[in-house]
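Listed below, chain by chain, are the residues.
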Amino acid sequence: MVDAEGSHEALGRAVIFLGPPGAGKGTQAVEVAREYGVKHLSTGDMLRDMIVRKTPLGLEVEPILKSGRLVPDEKVLQIVEQRITQDDCKQGFVLDGFPRTLPQAVGLDDIIRRCGWERPLVVNFVLDPKLLMRRLTGRRICKLCGEVYNVHERPPKVAGRCDADGGELVQRPDDREEVIAERLKTYEAQTRPLEEYYRGRGALVDLDGAAKPAEVAAQLSRILSAR
Ligand code: AMP
């Protein structure tokens, strides 16, 4: 990943982080994006931003996110196509939380083909569902900078406050237990089949998502440099 001069090769392609909610995709995507100087694109973050800004689409999707179900494919595909065809994605990008259904994966393939990009690399975060519930119920996010904590695994130094800027740490409305159960069910029904879709094309690499963040980062580093 890093050459003798300490600089990085560009990713040069789409890297898809596939895995259930709470697998640690977001945390790792931030690091990879920083390291390679590429964009971290989280469809969940984009949708939440539209909700905060009360855009027409934001108002439309708010109840869907609250319920733990999925936003319709054509809407998400439109958002993603518009974003990844911008100039700042030419060096590659990390997709976190997209694609989540087969039609989204097929739609992404189509965009990638039209843009003449290389085939995407898919990193599959594998971990036990019991661990996911613990991670998601413990997740807290800084209201100011978006830094992610976990009351069990990565607590802040002062309870309820961000280490970096003292911002209030809040829970995502869909990180309540009953909504988490719905999100995990949705994952099994709609997203899990993508493993076979990508594995069949030889584009998928499994990663142990239950390991400590530093170990996961090391696994990722190996996967990306061996690509
Ligand atoms: P996330 O932050 O990835 O856990 O996403 C939060 C919520 O946003 C999901 O539970 C969905 O309601 C919605 N969402 C995010 N990404 C997608 C997607 N690719 N397709 C459909 N809905 C999505």
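Note that the structure is predicted; figures quoted are calculated from it, not measured.

Observations regarding the overall build of the protein
Argument step 1. Within the protein, the secondary structure is distributed over 9 helices and 8 strands.
Argument step 2. By its C-alpha atoms, the protein is 45 × 45 × 35 Å across when sized along the principal axes.
Argument step 3. In the protein, buried positions account for 45% of the 227 residues.
Argument step 4. The long-range share in the protein, meaning contacts at least 24 apart out of those at least 6 apart in sequence, stands at 69%.
Argument step 5. About 11700 Å² of surface is accessible on the protein, with carbon and sulfur atoms providing 53% of the total.
Argument step 6. Mean positive and mean negative side-chain charge positions of the protein (35 and 35 charges, respectively) differ by 3 Å.

Side note on the environment of Val148
Argument step 1. Following the sequence through the fold, Val148 ends up in strand E6 (residues 148-150).
Argument step 2. Note on Val148: relative accessible area 32%, which makes it partly exposed.
Argument step 3. For the pair Val148 and Gly26, spaced 122 residues apart in the sequence, the C-alpha separation amounts to 8.8 Å.

Quick word on the pattern of salt bridges
Argument step 1. What the rule picks out here adds up to 26 salt bridges.
Argument step 2. A salt bridge links Arg183 to Asp175; its shortest N-O distance comes to 2.9 Å.
Argument step 3. When its relative accessible area of 1% is taken as the criterion, Asp175 is described as buried.
Argument step 4. A salt bridge links Arg192 to Glu188, with the shortest nitrogen-to-oxygen separation between them at 2.6 Å.
Argument step 5. The exposure class of Glu188 is partly exposed, given its relative accessible area of 41%.
Argument step 6. Here the salt bridges do not stand alone but share partners, grouping Glu188, Arg192, Glu195, Glu196, Arg199 and Asp206 into one network.

As for the site of the ligand
Argument step 1. Close contacts around the ligand come from 16 residues, with Thr43, Arg48, Arg69, Gly97 and Gln104 the closest.
Argument step 2. Val71 is positioned such that a nitrogen or oxygen atom in its backbone is 3.1 Å from a nitrogen atom of the ligand.
Argument step 3. At 2.9 Å, a side-chain N or O of Gln104 approaches a nitrogen atom of the ligand.
Argument step 4. When the ligand sits alone it has 480 Å² of accessible area, and the protein chains cover 96% of it.
Argument step 5. Considering each element in turn, the shell around the ligand owes the most residues, 4 residues, to helix H2 (residues 43-52).
Argument step 6. For the shell around the ligand, a count of residues per class yields 6 nonpolar, 4 polar and 6 charged.

Basis of the calculations
- Residues numbered from 1 in each chain as written.
- Predicted model: local features only at pLDDT ≥ 70, side-chain atom pairs only at ≥ 80, totals over all residues.
- Heavy atoms only, no water.
- Helix = DSSP H or I, 4+ residues; strand = E, 2+ residues; numbered from the N terminus.
- Buried < 20%, exposed > 50% of the residue type's maximum accessible area, 1.4 Å probe, protein only.
- Contact = heavy atoms within 4.5 Å.
- Areas by Shrake-Rupley, 256 points an atom, 1.4 Å probe, with all protein chains shown as cover.
- Lys, Arg positive; Asp, Glu negative; His and termini not counted.
- Charge placed at Lys NZ, Arg CZ, Asp CG, Glu CD.
- Salt bridge = Lys/Arg side-chain N within 4 Å of Asp/Glu carboxyl O.
- Near = heavy atom within 4 Å.
- Polar contact = N/O pair within 3.5 Å; in protein donor to acceptor, adjacent residues only side chain to side chain.
- Nonpolar A, V, L, I, M, F, W, Y, C, P; charged D, E, K, R; others polar.

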